[in-house]
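What the coordinates show
Now for the letters of each chain:
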Amino acid sequence: MNAPPAKLLDTFGRLHDNLRVSVTDRCNIRCYYCMPEKDAQYVPHAEILRYEEIERFARIAASLGVTKIRVTGGEPLVRRDLHVLVRKLGAIEGISDIAVTTNGVLLAEQAQALYDAGLRRLNVHLDTLDRERFRLITRRDELHRVLAGIDKALELGFGPLKINAVAVKDLVEPDIVPLARFARERGVEVRYIEFMPLDAQGLWDKGKVLLAGGILEMLGEGIGPLEAVPDPDPRAPALQYRFVDGKGSIGFIASVSRPFCLNCNRIRLTSDGQLRYCLFAMEETDVKGLLRGGASDEDIRQLVRGVVERKWLGHEINTARFVAPPRPMYAIGG
Ligand code: SAM
Ligand code: SF4
């Protein structure tokens, strides 16, 4: 039997067991709070980590106590044969939880292969059920495909399936209640994510964030009373609520109004092989060079430990000192 893994503890005592892997910075839609409308800057193909490289890194991370992996992007389903990577990651000793975050456009076509590869946890990004508003937000006419993807995934038995909706003020208010109803009817959770300063065009300001408190009020008035639910995992970022009538639950990723940095358990690998200790970090550490340069697993373990040791206490979105990171959301991996 192998020795138990050395844990990844930072200088604030936070345990890191959660790895987010971006498999591409490309996307097939153009959400305005993430990507520019035109001329998105992409990493050249040769710089993108191959599946074997990601698998090796994940194996090394697992040897350091990582148990959960979320695959994201850009849009992960635009990467060819994503199911092959999912299967490889799921087979790594110590990895007990694999999830994919997708915009759902290609989900109907790929859901079966992903299910067969062992994937069950999916977050599907959907802000609105209105075709025109979907076009306005994503600059693409793909709502019907996202809805077909959700239907197909539920039909196959994926679960938990969560819907991610970005909460932008003066934009998505008309969608809050319909989206929660849609989720309730399907027995899935909707998570409202407060708009974060990670858009490619520098449009964010604090006044444009639709805060969790306001959304709770809208849901209470539009659907019915909610109550807070203590999360079984106190390190999970979402604040959980459920409708008192027992039909459905809601989550909030309230990075702006209720930052969860003190409980953060994540490290992030970008599609071009840079390791980050925070979505908002100003620094990255090159892993690709080691993976491609003949470094040993132990060299890479040292690098990961070093990144976690340098981790800061948290982002400072709510202070005048805050500076947005140089890469937008699609390039880091959300
Ligand atoms: N393309 C996939 C998707 O959209 O789900 C995966 C990558 S995307 C960057 C991951 C998540 O980031 C999405 O669910 C989206 O809701 C969220 N997101 C993107 N830009 C954001 C922003 N500026 N603020 C808050 N959340 C954002
Ligand atoms: Fe693409 Fe996801 Fe960014 Fe939207 S949020 S542009 S779907 S990567």
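Predicted model, so just to flag it, every value in this text is computed and none were measured. (Residues numbered from 1 in each chain as written. Chains lettered and ligands numbered in written order. Predicted model: local features only at pLDDT ≥ 70, side-chain atom pairs only at ≥ 80, totals over all residues. Heavy atoms only, no water.)

Side note on the overall build of the chain
Summing up its helical and strand segments, the chain has 10 helices and 12 strands in all. Expected size for 334 residues packed as a compact globule is a radius of gyration near 20 Å; at 19 Å, the chain falls within 12% of this value. For the chain, the spread of C-alpha atoms along the principal axes amounts to about 55 × 45 × 45 Å. When burial is assessed residue by residue, the chain has 56% of its 334 residues classed as buried. Intrachain contacts of the chain at a sequence separation of at least 6 include 74% that bridge at least 24 residues. Of the roughly 14,400 Å² that the chain leaves accessible, carbon and sulfur atoms contribute 52%. (Helix = DSSP H or I, 4+ residues; strand = E, 2+ residues; numbered from the N terminus. Rg over C-alpha atoms; globule rule 2.2 N^0.38 Å. Buried < 20%, exposed > 50% of the residue type's maximum accessible area, 1.4 Å probe, protein only. Contact = heavy atoms within 4.5 Å. Areas by Shrake-Rupley, 256 points an atom, 1.4 Å probe, with all protein chains shown as cover.)

Regarding the site of ligand 1
Within the structure, ligand 1 sits among 18 residues, and Tyr 33, Gly 74, His 125, Asn 164 and Met 196 are positioned closest to it. With respect to ligand 1, the backbone of Tyr 33 contributes an N or O atom lying 2.8 Å from a nitrogen atom. A distance of 3.1 Å separates a nitrogen atom of ligand 1 from a polar atom in the side chain of Glu 75. Considered on its own, ligand 1 offers 540 Å² of accessible surface; in the complex 96% of this is hidden by protein. For the shell around ligand 1, the secondary structure elements donating two or more residues are β3 (97–102), β5 (161–167) and β6 (189–194). (Near = heavy atom within 4 Å. Polar contact = N/O pair within 3.5 Å; in protein donor to acceptor, adjacent residues only side chain to side chain.)

Some words on the pairing of β6
The buried fraction of β6 is high, at six of six residues. The parallel pair β5 and β6 is bridged by helix α6 (residues 173–186), and the resulting crossover is right-handed. Where β6 and strand β9 (residues 249–253) come together, four bridges link them in parallel fashion. Within β9, the position partnered with Arg 191 by the bridge is Gly 251. (Right-handed = clockwise from strand over helix to strand, strands pointing away. Pairing = 2+ DSSP bridges.)

Observations concerning unusual backbone geometry
Note the cis peptide between Gly 159 and Pro 160, where omega equals -5 degrees. With respect to the helices and strands, Pro 160 occurs in the loop between α5 (143–156) and β5. For Asp 170, which is not glycine, the phi torsion reads 60 degrees and is therefore positive. Position of Asp 170 relative to the elements: it lies in the loop between β5 and α6.

Brief notes about the packing of helix α1 (residues 51–63) against helix α2 (residues 82–90)
It is at 10 Å that the axes of α1 and α2 come closest, and there the two elements cross at 25 degrees. Regarding the angle of α1 to α2, the classification is roughly parallel. In the crossing of α1 with α2, the sense of the turn from one axis to the other is right-handed. The segment α1 lies against α2, with Tyr 51, Ile 54, Glu 55 and Ala 58 engaging Leu 82, Val 84, Leu 85, Lys 88 and Leu 89. Grouping the constituent residues of the contact of α1 with α2 by class yields seven nonpolar, no polar and two charged. (Axes fitted to C-alpha atoms, helices over the stretch in contact; angles between N-to-C directions. Parallel < 35°, antiparallel > 145°, perpendicular 65-115°, else oblique. Left-handed = near helix turned anticlockwise from the far one by under 90°. Nonpolar A, V, L, I, M, F, W, Y, C, P; charged D, E, K, R; others polar.)

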